[in-house]
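As a plain string of letters, each chain reads:
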Amino acid sequence: MAWTKYQLFLAGLMLVTGSINTLSAKWADNFVAPGCGGSQEHSFQHPFLQAVGMFLGELFCLAAFYLLLCRAAGHPDTSMDPQQPFNPLLFLPPALCDMTATSIMYVALNMTSASSFQMLRGAVIIFTGLFSVTFLGRRLALSQWLGILATIAGLVVVGLADLLSRNDSQHKLSEVITGDLLIIMAQIIVSIQMVLEEKFVYKHNVHPLRAVGTEGLFGFVILSLLLVPMYYIPAGSFSGNPRGTLEDALDAFCQVGRQPLIALALLGNISSIAFFNFAGISVTKELSATTRMVLDSLRTIVIWAVSLTLGWEAFHPLQILGFLILLTGTALYNGLHRLLLSRLSRGRPPAEEGEHERLLGGPRTAINDAS
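The name that an unreviewed UniProt entry assigns to the chain is Solute carrier family 35 member F6, with the source organism given as Tursiops truncatus. UniProt, in the comment section headed Subunit (unreviewed entry), describes the chain in these words: "Interacts with SLC25A5."

Participant: What exactly am I supposed to notice about the packing of helix α9 (residues 249-258) against helix α10 (residues 260-286) here?
Facilitator: Each pair of packed helices can be summarised by the angle the axes make with each other and by the distance between the axes. Running from N to C, α9 and α10 cross one another at 115°; their axes reach a closest spacing of 4 Å. Considered as vectors, α9 and α10 are oriented roughly perpendicular to each other. Together, Gln255, Val256 and Arg258 of α9 and Pro260, Ile262, Ala263 and Leu266 of α10 make up the contact between the two elements. Looking at the contact of α9 with α10 residue by residue, the class counts come to 5 nonpolar, 1 polar and 1 charged.

Participant: When you look at the side chain of serine 282 in this model, what are you seeing that I'm missing?
Facilitator: With respect to the secondary-structure elements, serine 282 resides in helix α10. Engagement of the side chain of serine 282 in a polar contact is seen with the backbone oxygen of phenylalanine 278, the distance being 2.8 Å. If we ignore the near neighbours within four places in the chain, the residues touching serine 282 are Leu10 and Leu287.

Participant: I'm lost on the packing of helix α3 (residues 92-109) against helix α8 (residues 208-230) in this one. Help?
Facilitator: α8 packs onto α3 with a crossing angle of 60° between their chain directions and a minimal axis gap of 9 Å. Our classification of the angle between α3 and α8 gives oblique. As α3 runs across α8, the sense of the crossing is right-handed. Taken together, the residues of α8 that come into contact with α3 (itself represented by Leu92, Pro94, Ala95, Leu96, Asp98, Met99 and Ser103) are Glu215, Phe218, Gly219, Ile222, Leu223 and Leu226.

Participant: What am I meant to see in the pattern of salt bridges here?
Facilitator: Side chains that differ in sign of charge can pair as their charged atoms come close. Tallied over the entire structure, the rule returns 3 salt bridges. As a salt-bridge pair, arginine 243 and aspartate 248 come within 4.0 Å of each other at their nearest N and O atoms. Taking relative accessible area as the criterion, aspartate 248 reaches 4% and is therefore assigned buried. Across the pair arginine 299 and aspartate 296 runs a salt bridge, and its minimum N-O distance is 2.7 Å. Here the residue arginine 299 and the residue aspartate 296 both occupy positions in helix α11 (residues 289-309), the gap between them amounting to 3 residues, near one helical turn. Just as arginine 299 is buried, aspartate 296 falls in that class too.

Participant: Looking at this structure, I do not really get the packing of aromatic side chains. What am I missing?
Facilitator: One pair of aromatic rings is described through two measures. These are the centre distance and the angle between the planes. Counting across every chain of the model gives 5 aromatic pairs. Aromatic pair tryptophan 304 and phenylalanine 315: ring centres 6.2 Å apart, planes at 15°, arrangement stacked. With a gap of 11 residues between them, tryptophan 304 in helix α11 and phenylalanine 315 in the loop between α11 and α12 (317-333) connect regions that are remote in the sequence. Geometry around tyrosine 231 places arginine 243 over its ring, the cationic atom sitting 3.9 Å from the centre.

Participant: What am I meant to see in the UniProt feature "transmembrane region" (unreviewed entry) in the chain here?
Facilitator: In this structure's numbering, the residues bearing the UniProt feature "transmembrane region" (unreviewed entry) are residues 48-69, 120-138, 145-164, 176-196, 216-233, 261-281 and 318-336. Secondary structure over residues 318-336 splits into 89% helix and 0% strand, and the C-alpha atoms at its two ends are 24 Å apart.

Participant: Help me understand a nonpolar patch on the surface, please; the structure alone is not making it clear to me.
Facilitator: On the surface, Leu142, Leu146, Leu149, Ile152 and Val156 cluster together into a nonpolar patch covering about 490 Å² of accessible area. Structurally, isoleucine 152 is set in helix α6 (residues 142-164).

Participant: Teacher, can you tell me more about the nonpolar core here?
Facilitator: Soluble globular proteins tend to pack their nonpolar side chains together in the buried interior. Ranked by size, the top nonpolar core spans 63 residues in total, and within it Phe44, Leu223, Leu227 and Ile262 carry the most contacts. By size, the runner-up hydrophobic cluster in this structure holds 7 residues, among which are Phe86, Val201, Val206 and Ala211.

Participant: Sorry, what's going on with the environment of glutamate 197 here?
Facilitator: You can see glutamate 197 is positioned in helix α7 (residues 173-201). In sequence terms glutamate 197 and proline 93 are 104 residues apart; their C-alpha atoms lie 8.8 Å from each other.

Criteria and thresholds
- Residues numbered from 1 in each chain as written.
- Predicted model: local features only at pLDDT ≥ 70, side-chain atom pairs only at ≥ 80, totals over all residues.
- Heavy atoms only, no water.
- UniProt positions renumbered as here; feature names shortened; annotations may be inferred.
- Axes fitted to C-alpha atoms, helices over the stretch in contact; angles between N-to-C directions.
- Helix = DSSP H or I, 4+ residues; strand = E, 2+ residues; numbered from the N terminus.
- Parallel < 35°, antiparallel > 145°, perpendicular 65-115°, else oblique.
- Contact = heavy atoms within 4.5 Å.
- Nonpolar A, V, L, I, M, F, W, Y, C, P; charged D, E, K, R; others polar.
- Polar contact = N/O pair within 3.5 Å; in protein donor to acceptor, adjacent residues only side chain to side chain.
- Left-handed = near helix turned anticlockwise from the far one by under 90°.
- Salt bridge = Lys/Arg side-chain N within 4 Å of Asp/Glu carboxyl O.
- Buried < 20%, exposed > 50% of the residue type's maximum accessible area, 1.4 Å probe, protein only.
- Phe/Tyr/Trp six-rings, centres within 6.5 Å; stacked < 30°, edge-to-face > 60°.
- Lys NZ or Arg CZ within 6 Å of the ring centre and 35° of its normal.
- Patch = residues over 30% accessible without salt bridge, like charges linked within 9 Å, V, L, I, M, F, W, Y side chains within 5 Å.
- Areas by Shrake-Rupley, 256 points an atom, 1.4 Å probe, with all protein chains shown as cover.
- Core = buried A, V, L, I, M, F, W, Y, C linked by side-chain atoms within 4.5 Å.

See below:
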């Protein structure tokens, strides 16, 4: 069946805004500007402040939800299910996981390439599958176990490509290794977030925009408050500011004032995450969760192509192999092979559980999509 113009628009919006989200964060990291008090020029490395901006973008999803709710009240719309009362504090534990994982990933993005960052996030499949078996009592199909094994193999290949890319002048080898490990560590936390959402939140039938927005509200408020103690906590080699602390928001604002393009990159990060979440949810509703997964994989190609074009990273052929293996693992885990086999046999595509919006095991992005 041919896509409508609206469906094509949603798919394009998800692909573009998802790519902008990662690229704008990496673009901000590449800027060099003086900070406060006449300090020397240094890179804009403020991962926790960038994470605050991401949660602000997620918070806009809550505003979008209430706008849709008001529209549905004035014009009855069957697409808006009646909202049942629930305790918003149910979102606090997942929001804490999202906050921690997002912050770690922004730290890691300062240490490794944007394409590796995007590819290694595929590790979430491994831990989500294992945690769903352990804590939710799910039984994974053989194809899902094969998908997990393929994902592990793909991660090894991508990591090996990073180790062999010694000609990357932007990052030291030790930084790349640390960054890659931090990304994988963050995926463990993202998996815990998804398990918590599945166990305690999903049963309340909360609208996805409301879920994302509520977690964004908690993350924005808590992480904004944490910027105060972070200003005084020494961070050693993990610090990217002249004071050597965990985060220096004042230094970040001074750099933004002296280099307005940083503000443009931050604005791109904030706005893109809001539109990306909205587009992703709409793609799942209008098309399918499988289509969303495919578009998310295409986002990796776009990020990789732009990074190579701008000279942000060096090309290594092993990354192609690693990406293809990761793509195979994702497809197997999400049941895309069954859809392809059905198409080849000219039968009707089976109704998969993954075709509907799910917080666990589906193609939801925590940062993230972040996450």
